[in-house]
Amino acid sequence: MLKKVIDISNYLFGGLFNIGLAIALIVLAYFVTTWAFDQGMGFLADDYTLTAEAREVVVEIPEDAGRRDIARILYESDLINNELMFYFESFFNGSANHFRHGTFSLNTAMPNSYLMYALSSLDYLHVEEGRLLVIEGLTNWQVAELAATMGYFTASDFLYELENGVFVHDFLADLGERQNRLQGFLFPATYNLPPNPVPRDLIVRMLDAFGDTFNQDMWGSLAQMHFHLGWQPTLEQLITIASIVEAETTIENIHQRPLVSSVIYNRLEAGMPLEMISTVVFATNTRQDMLTPSSFQHPSPYNTFNRTGLPVGPISNPGLSSIEAALSPANTNYLFMAELLDGSGGHFFTASHEEYLEFIAQRDAVTEESDG
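Owing to the predicted nature of the structure, the values given are computational and were not obtained by experimental measurement.

Draft legend 1. Expanded view of the packing of aromatic side chains. Inspection of every chain in the model, using the stated rule, returns 15 aromatic pairs. For the pair phenylalanine 171 and phenylalanine 210, a centre-to-centre distance of 4.9 Å together with 50° between the ring planes defines the contact as tilted. Linking phenylalanine 171 in the loop between α6 (155-164) and β4 (190-192) with phenylalanine 210 in helix α7 (residues 199-213), this pair joins segments that are 39 residues apart in sequence. The residues phenylalanine 171 and phenylalanine 210 share a single accessibility class, namely buried. Consider the rings of phenylalanine 185 and phenylalanine 210, whose centres lie 5.0 Å apart with planes at 70°: the pair is edge-to-face. With phenylalanine 185 in the loop between α6 and β4 and phenylalanine 210 in helix α7, the pair connects residues that are 25 residues apart, well separated along the chain.

Draft legend 2. Spatial organisation of the layout of surface pockets. Computed from the structure, the second largest pocket encloses a volume of approximately 1300 Å³. What lines the second largest pocket is a set of 45 residues, and nearest its centre among them are Ala247, Ile277, Ser278, Val281 and Gln288. Sorting the residues of the lining of the second largest pocket by element identifies α5 (140-148), α10 (235-248), α11 (257-270), α12 (277-284), β5 (336-339) and α14 (353-371) as the ones contributing at least two each. Looking at the lining of the second largest pocket residue by residue, the class counts come to 20 nonpolar, 16 polar and 9 charged.

Draft legend 3. Structural view of the side chain of serine 300. Counting through the fold element by element, serine 300 comes out in the loop between α12 and α13 (320-327). For serine 300, a relative accessible area of 14% corresponds to the buried category. Among all residues touching serine 300, those that are not within four sequence positions of it are Ala283, Asn306 and Arg307.

Draft legend 4. A look at the pairing of strand β2 (residues 102-107). Burial within β2 is extensive, with 6 of its 6 residues counted as buried. Pairing between strand β1 (residues 56-61) and β2: 6 bridges, direction antiparallel. By the bridge assignment, valine 57 is partnered in β2 with leucine 106.

Quick notes on the rules
- Residues numbered from 1 in each chain as written.
- Predicted model: local features only at pLDDT ≥ 70, side-chain atom pairs only at ≥ 80, totals over all residues.
- Heavy atoms only, no water.
- Phe/Tyr/Trp six-rings, centres within 6.5 Å; stacked < 30°, edge-to-face > 60°.
- Helix = DSSP H or I, 4+ residues; strand = E, 2+ residues; numbered from the N terminus.
- Buried < 20%, exposed > 50% of the residue type's maximum accessible area, 1.4 Å probe, protein only.
- 1 Å grid on protein atoms, 1.4 Å probe; cavity = no way out; pocket = protein on both sides within 12 Å on 5 of 7 lines; lining within 4 Å.
- Points joined across faces, edges and corners; volume = space filled by probe spheres on them.
- Nonpolar A, V, L, I, M, F, W, Y, C, P; charged D, E, K, R; others polar.
- Contact = heavy atoms within 4.5 Å.
- Pairing = 2+ DSSP bridges.

This is the structure:
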């Protein structure tokens, strides 16, 4: 009798195990087949077939949405038929790791694989009302004033969100506690904004753009900098250097940015104050032509004339070329730079203090003669 009970138990549990194994193999085969198909098609077909019943759907993917949330949003928008299947498929083929947040223009005719591509691409971001061009080198306050010209919110609202909003971008994790905490990371570009935007809509887009621009190659270059510097800059220090490079050079003299960057690194290595006029302009919140001798002694953690080392943080939001110059400074021994007063916006560079003083004297003499 006991043997019969054991045999029946083995049969039942063995059968359940076999059934479970069969189901698992079927599911696995489905995902492998889907993955292989997607890979064979270059991850996605180049197009999909529209039907008479197909319609465009605009969906909003919040910045804190996870895989399950995204699958639910798509299901509730009639873009997918099976929420759980989309969740697992995007998990196994890795596309969920690249989903973006924002507003997307999608279509009910899109197959799952195409939806996964669309959510990972900038190409399907919804064409939104309101475009804002943010140029390189603006401070947070200047960005706020520029954004306020659109009439949707005030500069004060924008600055409040900058200082008090919670942002989940990984590159912000190690920032120090300071005012202007996001300065340097509001990437300059042209932005599409949704109808009736709030400050967060623009801020998140700018932070996203920084994250997209500062790619893995740049992270790798940053990690290697200690080999030729003898010290390892943090991301915040790197962007601080880039912001000075941006502020010290004009777009017409973009080729000089690696030279300016080399002066900064060389002076840091020598333990010299950076003595960058742009930091005094920022510290005193005035124009360069309004600076006085007392301005250079202004007690500010951003003033590089009366302290050594870098400012406490970036003095502007630099563009790509300045970030690249900070990552790859020119190989020079320059310690001094002086602005040319010929209207070009360029600089004179030298490693010699005597040559620097001589250039300043000659430049100023010529300027006085022309003014007379």
